[in-house]
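Secondary and tertiary structure notes
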2 protein chains.
Amino acid sequence: MGKRIGVLLSGRGTNFEALADSVAAGRIPGAAIAVVVSNREGAPGIERAKERKIAAQVIPSKGLEREAYDRQVVAVLHQHKVDMVCLAGYMRLLSPFFVTSFPNRILNIHPSLLPSFPGLESQRQALEYGVKFAGCTVHFVDENLDAGPIVLQATVPVRDDDTEETLASRILAEEHRIYTQAVRIVLEGQYKIVGRRVVKTG
Amino acid sequence: MGKRIGVLLSGRGTNFEALADSVAAGRIPGAAIAVVVSNREGAPGIERAKERKIAAQVIPSKGLEREAYDRQVVAVLHQHKVDMVCLAGYMRLLSPFFVTSFPNRILNIHPSLLPSFPGLESQRQALEYGVKFAGCTVHFVDENLDAGPIVLQATVPVRDDDTEETLASRILAEEHRIYTQAVRIVLEGQYKIVGRRVVKTG
């Protein structure tokens, strides 16, 4: 029986496109992207979804209290019979209501080696701090910012001549790679969470 | 003209031994370890230094105010005509007096990918957080804990069956490797510091 993924985004959603490519290529066996939701009007990711004939919907968040908004989003995800939720550049914290609606079934990808450089502009933070390795992290989502148990990470070197753009691009290639792997691990259920550690059981 | 290294330690000083091996093997051309200082009586690193015929001295820190203590240590380093200082498991913060006595000439090695997991028991912190990559960092020392511009880092994977001991041992092998490299970079002067970034110029 197929697994249905819901994707939330606020902008370009390049990680949505990477997941859609992986699904289309059979790299996440039995999975389909059921619906894409944006909290922002005009998010390019919505157009990209429509071009791929994937259901896509804007639910504007402006002016709404967090849980009231999340109830609308969760209702849409349930309508589309979503099994798991992938955040792809979704610029909102989730309410406890949302998190408990999909227990251990919400993933996010963040462009740093968490717990270093949470929040915005992680690549710039990394460059300015002067780290020699940067990377990205796929983690389960809870109601805190860039927290939750880590499913996968990948590292990339920082080069002396890197700009924010060249570093972000090197990290993005790894994001696309490990997000697909992480979704597969979670959908296949071949893991357990021990404390904060995500350990494979397959 | 040879470069003279002073090493400060508080315990085993395995990184002192790795540096001493590198010096003996010619991997840090023209360098010698001039003196080893411990702030603790009975630090095994002192015995190891003596076995290698390296000058070694305990200067007990107990009960002394930070700068008063550091003035004693700096005096000993100057007596031994030290060009640069390497901390190797030295369990004290340095005073501004110490830091300004050797500007950009004090290195420390820390068993994490800073800025993640500063302070004590970094390997345990990393395991408990559930990161998938750990590592180590060689950085210039200022008066703050595990801060200062980063010269080199190395990463190691964290395995599902790792204990604190197996992870620490995997990191330690990388510590020994990059500390030698970093000392060489600093002694050869082939770098500049731009903001917090240490950039090679050689």
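Since the model is a prediction, treat every value here as computed from it, not as a measurement.

Its rotation angle being 180°, the transformation that places chain A on chain B also includes 0.0 Å of axial translation and leaves an RMSD of 0.0 Å. Taken together, the turn and the small shift mark the pair as related by a two-fold rotation axis. Ranked by how close their C-alpha atoms come to the rotation axis, the residues of chain A are headed by serine 116 of chain A, at 2.6 Å. Looking at the interface residues of chain A, 100% of them are also at the interface in chain B, so both copies use one shared face.

Turning our eyes to something else, we now look at the domain arrangement of chain A. Residue and element names in this part refer to chain A. Along its sequence, chain A is carved into domain 1 (1-103) and domain 2 (108-202). Here the C-alpha centroids of domain 1 and domain 2 sit 19 Å apart. Between domain 1 and domain 2 lies a buried interface of about 1600 Å² when both sides are counted; carbon and sulfur atoms form 70% of it. For domain 1, the biggest contributors to the area lost against domain 2 are Asn15, Met84 and Leu87; these three give 29% of the whole. On the surface where domain 1 and domain 2 come into contact, there are zero salt bridges. Elements that contribute at least two residues to the side of domain 1 that touches domain 2 include exactly strand 1 (3-9), helix 1 (14-24), strand 4 (84-87) and helix 4 (96-101). Taken together, the residues of the side of domain 1 that touches domain 2 break down into 14 nonpolar, three polar and two charged.

Before going further, it helps to examine helix 1 (residues 14-24) of chain B. All names here are of chain B. For helix 1, the tally of buried residues reaches nine of eleven residues, placing the bulk of the element in the interior. Listing the buried residues of helix 1 in full gives Thr14, Asn15, Phe16, Glu17, Ala18, Leu19, Ala20, Ser22 and Val23. After helix 1 finishes, the residue glycine 26 shows a positive phi value of roughly 80°.

The next point concerns the state of the cysteines. Residues and elements named next belong to chain A. Under the defined criterion, the tally for this structure stands at zero disulfides over all chains. For the unlinked cysteine cysteine 86, the closest cysteine sulfur is that of cysteine 136, found at 14 Å. Residue cysteine 86 is classed as buried on the basis of its relative accessible area, which comes to 0%.

Oppositely charged side chains can pair when the atoms bearing their charge come close. Scanning all chains against the criterion turns up 18 salt bridges over all chains. Linking glutamate 174 of chain A and arginine 177 of chain A is a salt bridge whose minimum nitrogen-to-oxygen distance equals 2.5 Å. Highlighted residues: glutamate 174 of chain A and arginine 177 of chain A, both in helix 6 (residues 164-188), separated by three residues, approximately one helical turn. Across the pair arginine 48 of chain B and glutamate 17 of chain B runs a salt bridge, and its minimum N-O distance is 3.1 Å. Of this pair, arginine 48 of chain B sits in helix 2 (residues 44-51) while glutamate 17 of chain B sits in helix 1, and the two are 31 residues apart along the sequence. Several salt bridges converge on common partners, so that one network encompasses Glu17, Asp21, Arg48 and Arg52 of chain A.

Reading the values: the criteria
- Residues numbered from 1 in each chain as written.
- Chains lettered and ligands numbered in written order.
- Predicted model: local features only at pLDDT ≥ 70, side-chain atom pairs only at ≥ 80, totals over all residues.
- Heavy atoms only, no water.
- Least-squares fit on C-alpha atoms with pLDDT ≥ 70 in both.
- Contact = heavy atoms within 4.5 Å.
- Domains from an automatic or database assignment.
- Buried area = accessible area lost by both parts, 1.4 Å probe.
- Salt bridge = Lys/Arg side-chain N within 4 Å of Asp/Glu carboxyl O.
- Helix = DSSP H or I, 4+ residues; strand = E, 2+ residues; numbered from the N terminus.
- Nonpolar A, V, L, I, M, F, W, Y, C, P; charged D, E, K, R; others polar.
- Buried < 20%, exposed > 50% of the residue type's maximum accessible area, 1.4 Å probe, protein only.
- Disulfide = S-S within 2.5 Å.

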